[in-house]
Structures are given as C-alpha cells and as structure tokens.
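Spelled out, the chains give:
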Amino acid sequence: SLSLQDRRRKNRRKQQLCSKTTKVVASAAGATGVFLAAQAVYVGLTTPRLPPPAQSAHDFERDGLVVVDDSLSSRQNGDTHCRIENASKTNDTSSFTECCSKLKNMREKEEICVMLIGDSPVEGIGNPTHDVALGGQTARAFSRLYHKPVRYWAYGKSGLTTRGVQTEMVPLMKQISKKRELDVIIVSCGVNNTLRSHSAETFGRELNSLL
C-alpha cells in the first residue's frame with residue numbers, strides 16, 4: 001500500500017495536471033472567441049450590400065400593395081377547412097376558438113390585410129421588386145390560402161435589432177392600423193441582435209417588449 005507521503009505526492013500531481021488542463025482549455029476558448037469575433041468583423045466588412053426594392057423601409061406605399069394569386073380560379077376551398085380541423089386536435093381550446101373566429105372573419109372580408117415589420121428580409125434586400133420579396137410572396141400565400149385579394153405592408157430596414165424594429169417600424173404599423181383593420185402581423189427580427197453579440201437574455205427582453 002502507498003504511504004501517506006506517496007498519496008499526498010500523487011494528489012499534488014493530479015491537482016497540477018487539472019490546473020494545467022484548465023489553463024489550456026481557457027486559452028483555447030479565448031483564442032476561439034477572438035477568432036470568431038475577427039471573422040464576424042471580416043464578414044461584415046466584405047459582404048456586399050445588396051439594395052432593396054424601390055419604396056422600401058419608411059417609404060413603403062402607405063395604402064399598401066394588393067396581391068391576387070393567379071391560381072385562385074383553379075383551387076377549391078378545402079385548405080382552410082383542413083387547417084381548422086387539424087387545429088382542433090390541440091389541447092388549447094381557447095386558442096382554437098379564437099383561431100376559428102379570426103379565420104371566419106378573414107373569410108368574410110373582401111380582402112385580407114397583412115402587415116410585416118422587421119429587418120432586411122422584410123425590407124426586401126436583394127430583390128428587384130416587393131412582389132418577389134418576402135412581403136409579396138407572403139401576401140400571395142395568404143391569397144392562395146383564403147382565395148381573396150391581400151393588401152400588405154412591408155416595413156423593414158436592414159440592420160435593425162429587435163429594439164430598432166420596435167422604435168422605428170411599430171409606429172408606422174400603428175399609423176396604418178388607425179385606417180385599416182390588420183388581420184395578420186408578421187415580425188422578423190433577431191439576426192442583428194446576434195451580429196451585435198447580444199445575449200439571449202437581452203434578445204428575450206427586447207422581443208417581449210416588442211410583442
């Protein structure tokens with residue numbers, strides 16, 4: 001059996017090894033963090049800045065843009081009913097009832113009003129027109145689903161964090177909501193929080209405030 005002195009010597013060697021391992025791991029993590037930060041700066045500086053369509057961000061058409069899906073005449077009215085039937089399988093009865101009520105109201109309206117607010121995807125970066133960008137394609141999907149014209153607004157701006165969406169885009173949305181009843185509101189945010197190294201807690205607080 002090992003003597004007391006041998007056991008102490010063995011324990012000291014283990015402690016020294018653990019200490020060295022911890023230092024190596026910490027150094028590697030620090031180096032990785034520095035590398036990722038440098039890489040993020042490089043990507044930010046070298047990535048080409050694609051332009052948005054005309055009349056984007058704050059200049060989006062105040063009366064909205066209207067989309068009618070080309071396939072309306074050839075489609076049946078089964079999709080919406082199927083979605084309602086599937087929704088009834090959930091356990092949240094109140095949410096299901098509210099959902100059905102909203103769907104019924106949307107089916108009874110002559111046109112559906114959709115509002116998108118957010119960052120670069122909503123602004124339509126890289127697209128020649130809003131019709132082929134996120135706003136137009138989302139509106140077209142709603143038109144195809146509900147078999148009605150869809151009027152939409154896409155208030156987005158590249159680089160906005162979640163807080164930026166709230167301070168810059170929500171006021172525009174409120175202006176429109178005073179004139180028209182908005183049936184759907186879609187929010188795109190979070191990427192720029194990540195690029196600015198915001199913590200999950202910071203993003204969560206901003207998102208809760210926005211919603």
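So, here's what we can say about the structure. (Residues numbered from 1 in each chain as written. Predicted model: local features only at pLDDT ≥ 70, side-chain atom pairs only at ≥ 80, totals over all residues. Heavy atoms only, no water.)

Secondary structure summary: the chain contains eight helices and four strands in total. Of the regular secondary structure in the chain, the N- to C-terminal order runs α-β-α-α-β-α-α-β-α-β-α-α. Each of the 211 residues in the chain was classed as buried or not, and the buried ones make up 30%. When contacts within the chain are restricted to residue pairs at least 6 apart in sequence, long-range pairs at least 24 apart make up 80% of them. (Helix = DSSP H or I, 4+ residues; strand = E, 2+ residues; numbered from the N terminus. Buried < 20%, exposed > 50% of the residue type's maximum accessible area, 1.4 Å probe, protein only. Contact = heavy atoms within 4.5 Å.)

Let's shift gears to the side chain of S143. Tracing the chain through its elements places S143 in helix α5 (residues 134-146). A relative accessible area of 0% means that S143 is categorised as buried. Within the local environment of S143, its side chain forms a polar contact with the backbone nitrogen of D69, the two atoms lying 2.9 Å apart. (Polar contact = N/O pair within 3.5 Å; in protein donor to acceptor, adjacent residues only side chain to side chain.)

A few words on the packing of helix α6 (residues 162-177) against helix α8 (residues 200-210). Packing of α6 against α8 leaves a shortest axis separation of 8 Å and a crossing angle of 25°. In terms of orientation, α6 and α8 fall into the roughly parallel class. Taken as a pair, α6 and α8 cross one another with a handedness that is left-handed. When α6 is examined against α8, the residues T162, R163, V165, Q166 and V170 are found in contact with a partner set consisting of F203, E206, L207, S209 and L210. Considering only residue class, the contact of α6 with α8 consists of five nonpolar, three polar and two charged. (Axes fitted to C-alpha atoms, helices over the stretch in contact; angles between N-to-C directions. Parallel < 35°, antiparallel > 145°, perpendicular 65-115°, else oblique. Left-handed = near helix turned anticlockwise from the far one by under 90°. Nonpolar A, V, L, I, M, F, W, Y, C, P; charged D, E, K, R; others polar.)

Attention now moves to unusual backbone geometry. Here Q55, not a glycine, exhibits a phi torsion of approximately 55°, which is positive. Taking the relative accessible area as the measure of exposure, Q55 reaches 49% and is therefore partly exposed. Phi at S197 takes a positive value of approximately 60°, unusual for a residue other than glycine. With respect to the element layout, S197 can be found in the loop between α7 (191-195) and α8.

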